[in-house]
Amino acid sequence: MRSAGILMPVTALPSPWGVGTLGAEARSFIDFLVASGQSIWQLLPICPTSYGDSPYQSCSSFAGNPYLIDLDDLCDEGLLEPDEYQTIAWGSDPACVDYGLLYERRFGVLRHAVQRLLDTRRDEFEEFCAREHAWIEDYALFMAIKGACGGAALSAWDEPLRMRDPEALAAVSAELTDEVLFWKGVQCLFFGQWERLRAYAHERGIRLMGDMPIYVAEDSADLWAHPDQFQLDDDLRPIEVAGCPPDGFSATGQLWGNPLFAWDEMAEDGFSWWIERIRFQLGLYDILRIDHFRGFDSYFAIPAGADTAAGGRWREGPGTAFFDTIERELGQCPIVAEDLGFLTPSVYELLEYTGCPGMKVLQFAFDSRDGGGRVYQPHNFVKNCVAYVGTHDNDTALGWLETADPGDVELARAYLHLDEREGEGWGMMRAIWSSVADTAIVMMQDLLELGSEARINTPSTLGGNWCWRALPGFASEELASRLHRQMELYERLPERG
């Protein structure tokens, strides 16, 4: 069935407390999705952010982002007092997240809430910890040690702690008991709010599409607790790291720096870490987008310590054996494959083998820097795909029209019949709504007709990313009505009872 949705990070929702959260504005956005005839809310990863504020560089594949915990909802539950958070300055610009302020001030507020949780709802807390025991113990201890080390990265910890010496872990666990409880409590609060938001969405017929980064950060509980799953030297430091080769967008490529997986060892134990990771994610979302799908066919490996990605090389990934194991253990999974970037025939073969829908990005149909060309033009779409004008790694529609090569823009305007009366951004969205793609997703910024100032992320850059926020009142009745009409025209309205 044809469907449509909106890509909107939780962090980008309005709130007086510095960042979007899982509270009232998230529920209001779900109401907007319903009113505008949408079926899907696509999110960015909801895991904790770390260096560079990127949700694709997280200290945990399982934990939730503490910043997303709604403070007003905690107050309504009796876990916070108004003066414990309403008197704090959370930033001067409502259109931009100030991650520095959040890091300095959010956790102090959450300590009040966690303490009341432990004092008044201990059974709920204990039940949560028992249910999530597979990851919560290592994560909470990792965060407690990290705090005791002044926030230092795992690579800078004393060797006994970094190497998980049993006596050292026992001693530090006893010393940091209260901190371990705090970090467990934060996760209990997060997932309590997440479950309520997911239930609210399901009651209204909205499916949540999550986003799972293929890689994890070097400074993470994942690597610390499961070093055998990664390509590391005897000192637990990466031998090679992840990235992308040079292309039309970057002459030196993209140096992500994530540790690479030890795929041979993973295969020997039946990809057990991956199975639990995907099982967990599918417990959060209705649809799971897996980032950098091509890395399962072959992945780009860059020598650790390199300044750029230019010296990297391609290595063979796990291929069909990985997906056979996932299907055998978890059944048919509602996975969307992020199949963008440099693709070879073997990547296309793997995508066809899995049956997962891939992605079609309209900007790539006309951007001469990419080389994707006609495969991304709507007349070449297939039904089994998810169509976008752009994603979080692209400029907005209007930003692209303003900054792309004039010849590329001229081609797009001619092909798409763009005009100012409709609005050129709306004309680009019309192209994917009217296509044969089973699913069409647009960014909220394009619906609001915003330019490059509202871009979420510029790959290969550090600083200024992941900050954009919508202003209060952005999800208006007028906008919902206009969007609903488009869904009627292109038969993308959901069947709701």
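Residues numbered from 1 in each chain as written. Predicted model: local features only at pLDDT ≥ 70, side-chain atom pairs only at ≥ 80, totals over all residues. Heavy atoms only, no water.

It is worth spelling out the overall build of the protein at this point. Tallying secondary structure elements over the protein gives 18 helices and twelve strands in all. Radius of gyration (C-alpha) of the protein: 23 Å, near the 23 Å computed for a compact globule of 497 residues. Each principal axis of the C-alpha distribution contributes one length, and for the protein these read about 70 × 50 × 40 Å. Within the protein, the proportion of its 497 residues that are buried is 57%. A separation of at least 24 residues holds for 74% of the contacts in the protein among residues at least 6 apart in sequence. By element, 49% of the accessible surface of the protein is carried by carbon and sulfur atoms, the whole surface being about 20,500 Å². Between the mean site of the 38 positive side-chain charges and the mean site of the 79 negative ones, the protein shows a separation of 4 Å. (Helix = DSSP H or I, 4+ residues; strand = E, 2+ residues; numbered from the N terminus. Rg over C-alpha atoms; globule rule 2.2 N^0.38 Å. Buried < 20%, exposed > 50% of the residue type's maximum accessible area, 1.4 Å probe, protein only. Contact = heavy atoms within 4.5 Å. Areas by Shrake-Rupley, 256 points an atom, 1.4 Å probe, with all protein chains shown as cover. Lys, Arg positive; Asp, Glu negative; His and termini not counted. Charge placed at Lys NZ, Arg CZ, Asp CG, Glu CD.)

Space left empty within the atom packing is revealed by a probe, the size of a water molecule, rolled over the atoms. If you add up the space inside the second largest pocket, you get close to 480 Å³. Secondary-structure elements contributing two or more residues to the lining of the second largest pocket are β3 (207-212), α12 (320-330), β9 (335-337), α13 (345-354) and β11 (385-388). When grouped by side-chain class, the residues that make up the lining of the second largest pocket number 15 nonpolar, seven polar and five charged. (1 Å grid on protein atoms, 1.4 Å probe; cavity = no way out; pocket = protein on both sides within 12 Å on 5 of 7 lines; lining within 4 Å. Points joined across faces, edges and corners; volume = space filled by probe spheres on them. Nonpolar A, V, L, I, M, F, W, Y, C, P; charged D, E, K, R; others polar.)

Read across the sheet, eight strands follow the order β9-β6-β3-β2-β1-β12-β11-β10 without closing on themselves; strand pairing throughout is parallel. Both outer strands of the open sheet, β9 and β10 (358-361), are each paired with one neighbouring strand and no more. Strand-to-strand twist across the sheet, computed as the mean angle between neighbouring axes with direction ignored, equals 25 degrees. Along the sheet, helix α11 (residues 272-284) contacts β3 and β6 (287-290); its crossing angle with β3, the most-contacted strand, is approximately 150 degrees. (Pairing = 2+ DSSP bridges. Axes fitted to C-alpha atoms, helices over the stretch in contact; angles between N-to-C directions.)

This part is about the packing of helix α8 (residues 177-203) against α11. In contact at an axis separation of 10 Å, α8 and α11 are set at 55 degrees when each is read in the N-to-C sense. As summarised for this structure, α8 and α11 are arranged oblique, according to the angle between their axes. On α11, the residues that touch Phe-191, Trp-194 and Arg-198 of α8 are Phe-280, Gly-283 and Leu-284. Among the residues forming the contact of α8 with α11, the class breakdown is four nonpolar, one polar and one charged. (Parallel < 35°, antiparallel > 145°, perpendicular 65-115°, else oblique.)

This next bit is on the packing of aromatic side chains. In the structure shown here, the tally under the stated rule is 46 aromatic pairs. With a centroid separation of 5.7 Å and 40 degrees between ring planes, the pair formed by Tyr-56 and Trp-466 is classed as tilted. Within this pair, whereas Tyr-56 is found in the loop between β2 (40-42) and α2 (71-76), its partner Trp-466 is found in the loop between α17 (444-447) and α18 (477-489), the two being separated by 410 residues in sequence. Note on Tyr-56: relative accessible area 13%, which makes it buried. With relative accessibility at 7%, the residue Trp-466 sits in the buried group. Taken together, the ring pairs in this structure connect Tyr-215, Phe-230, Trp-256, Phe-261, Trp-263, Phe-271, Trp-273, Trp-274, Phe-293, Phe-296, Phe-322 and Phe-323 into an aromatic cluster. Seen from the ring of Trp-224, Arg-164 lies directly overhead, with NZ or CZ sitting 4.3 Å from the centre. (Phe/Tyr/Trp six-rings, centres within 6.5 Å; stacked < 30°, edge-to-face > 60°. Lys NZ or Arg CZ within 6 Å of the ring centre and 35° of its normal.)

As a rule of thumb, nonpolar side chains are buried together in soluble globular proteins. Within the largest apolar cluster, 165 residues are counted, with the highest numbers of intra-cluster contacts made by Met-8, Trp-41 and Trp-274. A per-element tally of this core places α8 first, with 13 residues. (Core = buried A, V, L, I, M, F, W, Y, C linked by side-chain atoms within 4.5 Å.)

Glancing now at helix α1 (residues 24-35). For α1, with twelve residues, the first-to-last C-alpha span of 16 Å sits near the 16 Å given by 1.5 Å per residue. Turning to α1, its buried residues are Ala-26, Phe-29, Ile-30, Phe-32 and Leu-33. One side of α1 carries all its buried residues, which in axial view fall inside an arc of 155 degrees. Looking at the packing, one finds that the buried side of α1 touches β1 (3-7), β2, α8, α17 and α18. One or two residues past the end of α1 sits Gly-37, with phi positive at roughly 80 degrees. (Expected span 1.5 Å × (residues − 1). Arc of directions from axis to C-beta.)

A few words on the environment of Cys-47. With respect to the element layout, Cys-47 can be found in the loop between β2 and α2. In this structure Cys-47 comes out as buried when scored by relative accessible area, which is 9%. Ignoring sequence-local partners within four residues, the contact set of Cys-47 consists of Pro-55, Ser-58, Ser-60, Ala-63, Gly-64 and Asn-65.

Next up on the list: helix α3 (residues 99-120). The end-to-end C-alpha separation of α3 is 31 Å, in line with the 32 Å expected for 22 residues at 1.5 Å each. Taken as a whole, α3 carries its principal kink of about 35 degrees at Arg-105. Among the residues of α3, Tyr-99, Leu-101, Leu-102, Arg-106, Phe-107, Val-109, Leu-110, Ala-113, Val-114, Leu-117 and Leu-118 are the ones counted as buried. Here the buried face of α3 lies against α2, α4 (122-131) and α8. Sitting at the amino-terminal end of α3 is Asp-98, which places a side-chain oxygen 3.2 Å from the backbone nitrogen of Gly-100. (Bend = angle between axes of the 7 residues up to and from the residue. Polar contact = N/O pair within 3.5 Å; in protein donor to acceptor, adjacent residues only side chain to side chain.)

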